[in-house]
Amino acid sequence: MIQTGKMAWNAVCANKLRTFLTMLGIIIGVAALIILVSIADGAGNSVSSQISEMGSNYLSVRISDNKENPLKLTEFSELFDEEVFLSSAPVGRTSATGKSGYSSSSINIYGTSGGYFSVMGMELYAGRLLKKTDLENHSYVIVISYDTAVEYFGRGDAVGETLSLDGKSFQVAGVLSKDAASPSSAMSVRSSEDTSETVSLEGYIPYSTLSRIADNVLEINQFYVSSENEESMDEAELRLEEILLKRFGNDEDAFSIQNQSEIMEAMAEVDHTMSLMLGGIAAISLLVGGIGIMNIMLVSVTERTREIGIRKAIGAGQSSIMFQFLLEALIVSLAGCLAGIGCSWCGLKVIGAIMGSSIQVAMNGKVALLSVLFSGVIGIVFGLYPAKKAAKKKPIDALRYSG
Amino acid sequence: MIKLQEVSKIYEMGDDRVYALDHANMEIREGEFVSIVGPSGSGKSTMMNIIGCLDTADEGSYILDGISIERYSEKELAKIRNQKIGFIFQNFNLLPRLTAEENVELPLIYQKLSLQERKHRVREAMEQVELSQRMKHRPTELSGGQQQRVAIARALVTKPSLFLADEPTGNLDSRTGQEIMELFHNLHEAGNTIVLITHDRQVAEEAERKIHIRDGKVREVEVG
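Scoring rules and cut-offs
- Residues numbered from 1 in each chain as written.
- Chains lettered and ligands numbered in written order.
- Predicted model: local features only at pLDDT ≥ 70, side-chain atom pairs only at ≥ 80, totals over all residues.
- Helix = DSSP H or I, 4+ residues; strand = E, 2+ residues; numbered from the N terminus.
- Rg over C-alpha atoms; globule rule 2.2 N^0.38 Å.
- Buried ≥ 20, exposed ≤ 12 C-beta atoms within 10 Å, placed from the backbone.
- Contact = placed C-beta atoms within 7 Å.
- Core = buried A, V, L, I, M, F, W, Y, C linked by C-beta atoms within 7 Å.
- pLDDT = per-residue confidence, 0-100.
- Expected span 1.5 Å × (residues − 1).
- Pairing = 2+ DSSP bridges.
- Axes fitted to C-alpha atoms, helices over the stretch in contact; angles between N-to-C directions.

> In this structure, what is going on with the overall build of chain A? I would like to understand it.
Scanning chain A from N- to C-terminus turns up 14 helices and eleven strands. The C-alpha radius of gyration computed for chain A amounts to 33 Å, which surpasses the reference 22 Å derived for 403 residues by more than 25%, pointing to a less compact arrangement than a globule. By principal-axis analysis of the C-alpha atoms, chain A measures approximately 105 × 50 × 30 Å. When each of the 403 residues of chain A is scored for burial, the buried share is 40%. Restricting the contact set of chain A to residue pairs at least 6 apart, pairs at least 24 apart contribute 84%.

> What is the right way to look at the interface of chain A and chain B in this model?
It is common to give the size of an interface as the accessible area that goes away when the parts come together. Listed as interface residues are 15 residues of chain A and, on the opposing side, 18 residues of chain B. Elements with a minimum of two residues in the side of chain A that touches chain B: helix 1 (2–14), helix 11 (305–313), helix 12 (318–355) and helix 14 (395–400) of chain A. Per-element tally for the side of chain A that touches chain B: the top contributor is helix 11 of chain A, with four residues.

> Just to check I follow, could you spell out the nonpolar core for this structure?
The tendency in soluble globular proteins is for nonpolar side chains to be buried side by side. In this structure, Ala 153 and Val 195 of chain B are the most contacted members of the largest nonpolar core, which totals 116 residues. Not counting residues within four places of it along the chain, the set of residues in contact with Ala 153 of chain B comprises Val 104, Ala 125, Met 126, Gln 128, Val 129 and Leu 131 of chain B. Counting residues in each nonpolar core, the second largest holds 52 residues, with Leu 59, Leu 71, Ile 144 and Phe 170 of chain A among its members.

> Which parts of the structure should I look at to understand the confidence of the model for chain B?
The predicted coordinates should not be examined in detail at positions where pLDDT is low. On average, chain B scores 90 in pLDDT, and the residues at 70 or more come to 100%. Both confidence scores are given for the complex: pTM 0.72, ipTM 0.92.

> I keep staring at helix 12 of chain A and nothing clicks. Help me out?
An α-helical turn contains 3.6 residues, so any two residues separated by three or four positions project in the same direction. Taking 1.5 Å per residue as the helical rise, helix 12 of chain A with its 38 residues ought to reach 56 Å, and the 54 Å between its terminal C-alpha atoms agrees with that figure. Where helix 12 of chain A ends, the next residue or the one after it, Gly 356 of chain A, has phi of about 70 degrees, a positive value.

> I keep staring at the pairing of strand 6 (residues 85–88) of chain B and nothing clicks. Help me out?
Regular strands show a simple pattern: their side chains alternate between the two faces of the sheet. Residue and element names in this part refer to chain B. Of the two faces of strand 6, the one holding Ile 85 and Phe 87 and the one holding Gly 86 and Ile 88 are both buried throughout. Sheet analysis places strand 6 next to strand 7 (residues 162–166), joined by four bridges and oriented parallel. Among the inter-strand pairings, Ile 85 is bridged to a residue of strand 7, identified as Leu 162.

> Which parts of the structure should I look at to understand unusual backbone geometry?
Peptide bonds are trans in most cases, and residues, glycine excluded, mostly fall at negative phi. Residue and element names in this part refer to chain B. Here Cys 53, not a glycine, exhibits a phi torsion of approximately 60 degrees, which is positive. Mapped onto the secondary structure, Cys 53 falls in the loop between helix 1 (44–51) and strand 4 (59–64). Although it is not a glycine, Asp 65 sits at a positive phi angle of roughly 55 degrees. Within the secondary structure, Asp 65 sits in the loop between strand 4 and strand 5 (67–68). Since 13 C-beta atoms lie within 10 Å of it, Asp 65 is described here as partly exposed.

> I tried to follow the environment of Phe 184 of chain B on my own but got confused; where do I start?
The residue Phe 184 of chain B is located in helix 6 (residues 174–189) in this model. If we skip the residues at most four places from it in the chain, Phe 184 of chain B touches Ala 165 and Ile 194 of chain B.

> Before we go on, may I ask you to explain the sheet that holds strand 7 of chain B in this structure?
Each strand in a sheet pairs with another by means of backbone hydrogen bonds, the pair being arranged parallel or else antiparallel. Residues and elements named next belong to chain B. Read from one edge of the open sheet, six strands run 6-7-8-3-9-10, paired in mixed fashion. Looking at which strands have only one partner, the edges of the open sheet turn out to be strand 6 and strand 10 (217–223). Geometrically, the sheet is characterised by an average inter-axis angle of 20 degrees between neighbouring strands, direction not taken into account. Here strand 7 runs beside strand 8 (residues 193–198); their pairing, made up of five bridges, is parallel. In the sheet register, Leu 164 faces strand 8, and the bridge partner there is Val 195. With respect to the sheet, helix 1 is in contact with strand 3 (33–37), strand 7, strand 8 and strand 9 (209–214), its orientation differing from that of strand 7 by roughly 155 degrees.

> In this structure, what is going on with the sheet that holds strand 10 (residues 222–227) of chain A? I would like to understand it.
Residue and element names in this part refer to chain A. Pairing is antiparallel across the open sheet formed by four strands, whose spatial order is 2-10-1-11. Each end of this open sheet is capped by a strand with a single partner; those strands are strand 2 (85–90) and strand 11 (255–259). Ignoring which end each strand starts from, the neighbouring axes of this sheet average 20 degrees apart. Two elements, strand 1 (residues 58–63) and strand 11, share five bridges in a ladder whose sense is antiparallel. The residue bridging Val 61 from the neighbouring strand is Ile 257, located in strand 11. Sheet strands in contact with helix 10 (residues 260–303) are strand 1 and strand 11, and its direction is about 70 degrees off that of strand 11.

Here is the structure:
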């Protein structure tokens, strides 16, 4: 066994360039498999972690057809004033040019109510959140994110400052804490604080005020409802559907409810499919590498016909010859696989360095193990035919061979 | 020890049947030194292949050590070649990538002997052919005579009951050829059976007994 291994190793080493070129197919296949699947995994993980950061115990509702009976702000709070809902908030969105004494730039404005911050799990850094009275009085107050405060006022504690939105003055009532992630910023891959990527500026004003200053926001088209915890989500979703059906005259198409965990599941599904697809493509290149091995093994068997004859004459049985050639194919495929794992490790390091901390790319151990198994199977499957061909040669014919 | 009874080897050439061996009868006893002589194409190589279990007869029976070869499977034939027969070829047939030592060791690997036992027997065989100083050399680094000595060492390392030599001096100059023949005489004196296949009458003279073969038939047996 050890001797056969040594003989196979010597045979593989005898033609270094040829062996390397044959291995290259496997090296590229394995490296592609590991790198692609690891990147897909990394991207998927970072997106899911950002979604889960936003909390997963709220429902998002979109009203697509209001049957000329739009949902009004006045009825909103009454409609969802039930125990099963922890809080609820309408959301309208526009963008404006924000100006302060220091700078002027575009800002995303959300019109909402105080419930929004509780739904999204946002916490205050300074000041206060939106109040019921702000909505009733159409107050010109704004709650801004920490980054926005820094952008316009150069510091986090900007409470009491005045921010002008498209010429209208809003008083900063509160500043959110640094790690409060909004749906829009979380959906896009968020830059870390030490990178120079631009951060999105966000401000929250009373919904009633937004419908006054923005032409496109009149009735409520979108709102969020949160439940006590993740366990009571299903109950909340059922109750919400009941309320909305009643409100829109049993028309199921008038609205759509999206569960945050459904989004997570859908993301996971997409990610899984993506990994499978990329893995499949890489596996095909591994297969091509296997054909390369078979090709070169067939050449090797023909070239070494005389050697096979000599070995048989001095007593090698079919099984010894077959085992030797099979082992050679296996050595080439497994050595190629190990080199491929090495290459992918280096490749992932480089990609990780380029991507920074936005996507965590780490080698997927399972995929590496899978590639070793796959390469082994490829080595055996594609080595089997040439090895059989070698073993079946008649000693007398093999000895006579002079090519 | 060796008995060929009405052995034929037939090749089909289109519609023709060509007899490479035509009902050949022959007997070689243990400890004999026999040469099989005949011109090119006479069937002596076919005879050697059958005696050496590299090929099987189409008709008749070949008995080696009292057992009919026809009954053996390919696997068992490989075992017989390994344990009972030592081949020496005209063109040496050494594996170029292996050293002299490794070439000699090869049949012992197929016998699955321990490393220690193998090393011991290889050294013994190399000493017997006076090449113990050239153990680590590859065939290309050896002269023709030395290569043939390595081949003889490879044949005798398994302590076979029969040495089968096919034109062993064919590729060597007469002086080296004589040295190789000397080795065969030594092996014979040690009690080994030797079958020498040659077309060279002078080489054939060295044997105790000559078997002439022509057109696939054993024509004459001559005591030297």
